[in-house]
Amino acid sequence: ERFSEFLQDSKTSAIRHSMNRLINNAFSYFSTKPSTQIIQGHHDKIKNLIHDPTTDLLISVDTSNTLIFWNTKLHKPENTLKINGLTSLAAVAHDHKLVTAAHTTLSMWDLAYNQQIWRIPKAHSDCINHVQLSTDGQTIYTFSHQDCRINSWDVETGKFGRTVAMVDGIIDVAKVMGSELFAVLCQWGRCVRVINAETGSTEREIILCEHGDGVNLKKNKTGGDPIDPDEESSRIPKKQKSGISLS
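**Details of the environment of L86**
Positionally, L86 belongs in strand β5 (residues 86–92). The buried category is assigned to L86, whose relative accessible area is 7%. Counting along the chain gives 19 residues from L86 to T105, while the straight-line C-alpha distance between them is 9.2 Å. Contact partners of L86, with chain neighbours within four places excluded, come to K47, V61, N65, L67, T100, A101 and A102.

Below, the structure is given as structure tokens:
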């Protein structure tokens with residue numbers, strides 16, 4: 001009887017109400033949370049993934065250069081594509097197309113029909129290492145480590161635009177979101193140059209100087225901290241300090 005009276009107490013009722021609500025919320029969360037699902041499709045190791053948020057399409061690439069296009073809502077593959085010698089690819093956000101680079105060849109694919117729209121067999125004199133798209137999706141930029149060129153191409157026709165810039169020893173490329181700026185790790189990893197793809201000019205150059213077990217970033221050519229020329233010349237050969245910018 002005392003226990004029943006205790007349960008009827010207003011404060012205890014409020015606590016029971018809060019506890020019930022907490023339990024119901026937890027149950028609702030775990031009952032609606034999607035479970036992890038393993039989907040098999042590749043026979044070789046996956047080396048790259050591209051997600052197109054406009055179509056919710058996921059593209060996976062394995063070491064045999066087989067591309068599988070996944071429907072992320074149905075959790076199943078929609079199509080496959082095999083490209084020999086694939087070195088780089090970039091999804092085109094609109095109208096379900098894909099740009100690929102295989103050694104020196106640049107191609108545009110229609111994913112809806114699994115057909116090649118256009119093909120440029122000699123886009124660079126050597127291997128194309130990176131492919132990027134402009135913000136408006138109308139221009140393709142290709143980067144080659146060996147011939148040191150950044151070239152531009154028309155998305156619809158594949159027509160060559162121009163050589164945007166020449167940069168020594170391109171290692172990696174990252175696009176600055178919402179702009180036509182590219183951060184290029186170059187000079188065989190010794191330097192990062194921020195290049196404006198519209199003008200071909202270098203907006204900023206950062207020399208990577210090793211000090212002990214860390215990496216010290218020092219600004220150059222932008223009014224930043226000056227670099228000791230004696231120290232720099234001992235680390236980076238003078239002939240590799242900068243590339244050539246073409247407008």
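**Brief notes about the pattern of salt bridges**
This structure, assessed with the given rule, holds three salt bridges. Close ionic contact of E156 with K97 constitutes a salt bridge, the shortest N to O distance being 3.8 Å. In this pair, E156 sits in the loop between β11 (149–154) and β12 (160–166) while K97 sits in strand β6 (residues 97–102), placing the two residues 59 residues apart along the sequence. For the salt bridge of E180 with K175, the shortest nitrogen-to-oxygen distance reads 3.9 Å.

**Quick look at the pairing of strand β7 (residues 105–110)**
Residues in a regular strand point their side chains to alternate faces of the sheet. Among the six residues that make up β7, six are buried, leaving the element largely enclosed by the rest of the structure. Residues T105, S107 and W109 of β7 are buried on one face, and the alternating residues L106, M108 and D110, pointing to the opposite face, are buried as well. When β6 meets β7, the two strands line up antiparallel, connected through six bridges. Among the inter-strand pairings, T100 is bridged to a residue of β7, identified as S107. Following β6, the chain reverses through two residues before pairing antiparallel with β7; H103 in that reversal takes a positive phi of roughly 60°. Where β7 lies against strand β8 (residues 115–120), five bridges are found, and the strand directions are antiparallel. Paired with M108 across the strands is W118, a residue of β8. With antiparallel pairing between neighbouring strands as the criterion, β7 and β8 make up a hairpin whose turn holds four residues, including N114 at a positive phi of roughly 55°.

**Quick look at the packing of aromatic side chains**
Per the stated rule, a full pass over the model turns up three aromatic pairs. Judged by centre distance (5.2 Å) and plane angle (70°), the ring pair of Y141 and F182 falls under edge-to-face. Of the two residues, Y141 is situated in strand β10 (residues 139–144) and F182 in strand β14 (residues 181–186); the sequence distance between them amounts to 41 residues. Exposure remark for F182: the relative accessible area of 3% places this residue in the buried category. Ring geometry for F143 and F182: centres 5.5 Å apart, planes at 65°, overall edge-to-face. Linking F143 in strand β10 with F182 in strand β14, this pair joins segments that are 39 residues apart in sequence. You'll find F143 and F182 in the same group, each marked buried.

Cut-offs used in this document
Residues numbered from 1 in each chain as written. Predicted model: local features only at pLDDT ≥ 70, side-chain atom pairs only at ≥ 80, totals over all residues. Heavy atoms only, no water. Helix = DSSP H or I, 4+ residues; strand = E, 2+ residues; numbered from the N terminus. Buried < 20%, exposed > 50% of the residue type's maximum accessible area, 1.4 Å probe, protein only. Contact = heavy atoms within 4.5 Å. Salt bridge = Lys/Arg side-chain N within 4 Å of Asp/Glu carboxyl O. Pairing = 2+ DSSP bridges. Phe/Tyr/Trp six-rings, centres within 6.5 Å; stacked < 30°, edge-to-face > 60°.

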